[in-house]
Amino acid sequence: MANKKLSLITQGPYVLLDNGLVRLTILKPQGYLTGIKYGGLDNLLDLKSSESSRGYWDINWSLPGGQDRYQLYILKSGVSGFYCYAIYERPAGCPAFDLLRQGWFHYMAISDEKQRIMPMPEDLLPDGGVHGWISSDPIVGFWIIFPSHEFRNGGPTKQNLTAHTGPDCLAMFHGTHYIGDDILAHFQEGEAWRKTFGPFFVYLNSTTNVSNAYNLWKDAKKQRLLEEAAWPYEFVSSTYYLTAKDRGSATGRLFVQDRFISGSPIPAKHAHVGLSAARTAGAGKQKARIINSGCKQIQMETLPSRMLSPVYGLHGWVPGFIGDYLDNALVTISAAVGDYVPDANPAFVNKLFIKSPEKFRQYGLWDRYTDMHPESDQTFTIGMSDPKTEWFFAHVDRRWADNKYVPSTWTIKFNLDSVNSGNYKMRLAIASATRSDLKVYMNGMDVEHMVFQVMNLGTDNTVCRHGIHGLYQLFSIDVSSSLLVTGDNSMFLAQARGGDALCGILYDYVRLEAPAPPGNLRSEEAFDLDAKLI
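Model, not experiment: these values are computed from the prediction.

Broken down by element type, the protein carries 3 helices and 31 strands. Across the 534 residues in the protein, those meeting the buried criterion constitute 52%. Within the protein, residue pairs in contact and separated by at least 24 positions form 72% of the contacts whose partners lie at least 6 positions apart. A total of about 23700 Å² of accessible surface is found on the protein, and carbon and sulfur atoms cover 52% of it.

See below:
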């Protein structure tokens, strides 16, 4: 069937875009999307909601004003859906302020990618590139597709909200969920800034056969692949959006040097690499003010990354390896595979995740720590304990008999055949933290034996949002050899803040490196802590 001509009609305060398959109704001048006609339905959006609450863009600045926003909709001939993007600009001369959240684009539909009729409020799921809903009568699929994640802040591991009860369908560009205030973009007085978010694609499909309803999801996944293959889009005409001909690339080889594992450089397979305007360590996982650059997972040693600015910081990390290494690493407490995620309390079981690899999505797992350790806190012994059954996935408060939450202390026991003089180096990597006071002690829990403390650590809210990682943080800590002894040693990780059921720390990696004896580069001794790893 030949494609119908596109039409644009103005009716009072409304603009109607129509390609014969989809008709959009947009309210001027706010840019609210008030109607989507498709599949025999006059409007897929919720008529009970006000026109300003059906399909809209939302931004939160710390001060009123001080920004311009341009919302753009693209309807192509013969396409069952439409594209959306926005340009946010802060002109020079504006007062200082912070950017909190951007891009909550709300649409309505009936079932999400996890395939249940109506999700519960805890179903805040990581975005895999396509998500949406399926209605029951008529059978219409409503999908949000991200052809690329390069314009979304937070790095490649950032979890974003996808769907709310309502039902709402969300396209998140920038938000503090699972990362906290570290993602805030801070602007100085008079500083100019501009960024293009999108386009993303709203895809619509339908069927008249109820037995084919699930095929709408399969079709949406195929459409996602087509959109990814077409990125960057050539049909976007804005001067603030760069097409393929405007983009360059950076290539190279990345190796890991860890002499404890190998005397030779190790190819960085499965590495995450990317370019960011931020020039500080760890910023690649935040990208609060990045200018449209990509960060992708690679399988080979060639590292492609779109380069849109003359000056970038190259960011990268390799799963299974900690960030910074000492050349003279000797004694190691290192990460391995997996930790213990308990079964849910039978009263709170979410059947959606009973056989799912995302077991951590179950509700109320923070209280299961006390159920697993009713009398005393967790103790993990190097060489004897199994992390898959004996390393609880989150360091949380203990629930006391009167339902009060009290601080908890985890113990790591390890044995040293000898102690080298000098400073040992402890590498403590945090996968996520929320409102935690962390104190680390070596062979005694008093001021003289405390080697590290950090107060009010993290605002990720990962525990209460049923996640497994938030903002990654790495601490390198000096430990005097005078605190260690030949034979049995104990390291204490104290969650020192009480009274909070949802505070918690998810440890990614714990490693203790010994100084080399004179003339030696490495030791024959090694000790592995098969601890938590995301």
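Throughout the structure, instances matching the rule amount to 10 salt bridges. Between Asp367 and Arg399 there is a salt bridge; the shortest N-O distance is 3.5 Å. Here the residue Asp367 occupies a position in the loop between strand E21 (313–317) and helix H2 (368–372), and Arg399 occupies one in strand E24 (residues 398–399), the gap between them amounting to 32 residues. For the salt bridge of Asp500 with Arg435, the shortest nitrogen-to-oxygen distance reads 2.7 Å. You can see Asp500 sitting in the loop between strand E30 (487–495) and strand E31 (504–513) and its partner Arg435 sitting in strand E27 (residues 423–442), a full 65 residues away along the chain. Through salt bridges with shared partners, a single ionic network connects Asp367, Arg368, Asp371 and Arg399.

Turning next to the side chain of Asn205. Checked against the element boundaries, Asn205 lands in strand E14 (residues 193–207). For Asn205, the side chain forms a polar contact with the side chain of Trp143, separated by 3.0 Å. With near-sequence residues (within four places) excluded, Asn205 lies in contact with Tyr38, Ile139, Val140, Gly141, Trp143, Leu216, Asp219 and Ala220.

Our next topic: the sheet that holds strand E4 (residues 32–37). Read from one edge to the other, the open sheet built from 4 strands follows the order E1-E2-E3-E4, with strand pairing classed as antiparallel. Two strands bound the open sheet, and with one partner strand each, they are strand E1 (7–11) and E4. Neighbour-to-neighbour, the strand axes of this sheet turn through a mean angle of 20 degrees, independent of strand direction. Taken together, the 5 bridges between strand E3 (residues 23–27) and E4 define a ladder with antiparallel strand orientation. Across the sheet, the residue bridging to Leu27 is Tyr32, located in E4.

What follows is about the pairing of strand E10 (residues 139–145). In summary, the side chains of a regular strand alternate between the two faces of the sheet. Within E10, 7 of the 7 residues are buried, which leaves the element mostly enclosed by the surrounding structure. Where burial is concerned, the two faces of E10 agree: the one with Ile139, Gly141, Trp143 and Ile145 and the one with Val140, Phe142 and Ile144 are both buried. Here strand E9 (residues 130–134) pairs with E10 via 5 bridges, running antiparallel. Looking at the pairing, Val130 lines up with Ile145 of E10. The hairpin turn running from E9 into E10, its antiparallel successor, is 4 residues long. Bridge count between E10 and E14: 7 bridges; the pairing is antiparallel. Bridge assignment links Trp143 to a residue of E14, and that residue is Tyr203.

On to the packing of aromatic side chains, then. Scanning all chains against the criterion turns up 19 aromatic pairs. Considering the side-chain rings of Tyr83 and Tyr233, the 5.0 Å spacing of their centres and the 75 degrees angle between planes classify their relative orientation as edge-to-face. Highlighted residues: Tyr83 in strand E7 (residues 81–90) and Tyr233 in the loop between helix H1 (213–229) and strand E15 (248–249), separated in sequence by 150 residues. These aromatic residues form a ring-pair network of at least three members: Tyr83, Phe146, Phe151, Phe200, Phe201, Tyr203, Trp231, Tyr233, Phe235 and Tyr241.

Bringing the pairing of E1 into the picture now. When E1 meets strand E2 (residues 14–18), the two strands line up antiparallel, connected through 5 bridges. Of the residues in E2, the one forming a bridge with Ile9 is Leu16. Between E1 and E2, which pair antiparallel and follow one another directly, the connecting turn spans 2 residues, one of which, Gly12, has a positive phi of 60 degrees.

Taking 1.5 Å of rise per residue, the 17 residues of H1 would be expected to cover 24 Å, and the 26 Å separating its terminal C-alpha atoms lies within 8% of that figure. Among all positions of H1, only Ala213, Leu216, Trp217, Ala220, Gln223 and Glu227 are buried. What you see down the axis of H1 is that its buried residues fit within an arc of 120 degrees, all on one side. Residues of H1 that are exposed and point more than 90 degrees away from the buried face comprise Lys222, Leu225, Leu226 and Ala229.

A word on unusual backbone geometry. Of note, the amide linkage connecting Gly198 to Pro199 takes the cis form, showing an omega dihedral of 5 degrees. Here Pro199 shows up in strand E14. A cis amide bond links Trp231 with the next residue in sequence, Pro232, at an omega value of 0 degrees. Phi at Arg435 takes a positive value of approximately 45 degrees, unusual for a residue other than glycine. On the basis of relative accessibility, which here comes to 27%, the residue Arg435 falls in the partly exposed class.

So, about the environment of Asp181. For Asp181, the position within the fold is in the loop between strand E12 (168–169) and strand E13 (185–187). For Asp181 and Asp460, which are 279 residues apart along the polypeptide, the C-alpha to C-alpha distance reads 8.1 Å.

The next point concerns the confidence of the model for the protein. Mean pLDDT for the protein: 74, with 69% of residues reaching 70 or above. Taken element by element, the predicted model of the protein shows its lowest mean pLDDT in strand E19 (residues 295–297) (35) and its highest in E30 (95). Considering only residues more than four positions removed or in separate chains, one finds that residues 324–337, a stretch of pLDDT under 50, has 75 contacts. Note on residues 521–534: pLDDT is under 50 here. Beyond four places in sequence and across chains, it has 69 contacts.

What counts as what
Residues numbered from 1 in each chain as written. Predicted model: local features only at pLDDT ≥ 70, side-chain atom pairs only at ≥ 80, totals over all residues. Heavy atoms only, no water. Helix = DSSP H or I, 4+ residues; strand = E, 2+ residues; numbered from the N terminus. Buried < 20%, exposed > 50% of the residue type's maximum accessible area, 1.4 Å probe, protein only. Contact = heavy atoms within 4.5 Å. Areas by Shrake-Rupley, 256 points an atom, 1.4 Å probe, with all protein chains shown as cover. Salt bridge = Lys/Arg side-chain N within 4 Å of Asp/Glu carboxyl O. Polar contact = N/O pair within 3.5 Å; in protein donor to acceptor, adjacent residues only side chain to side chain. Pairing = 2+ DSSP bridges. Axes fitted to C-alpha atoms, helices over the stretch in contact; angles between N-to-C directions. Phe/Tyr/Trp six-rings, centres within 6.5 Å; stacked < 30°, edge-to-face > 60°. Expected span 1.5 Å × (residues − 1). Arc of directions from axis to C-beta. pLDDT = per-residue confidence, 0-100.

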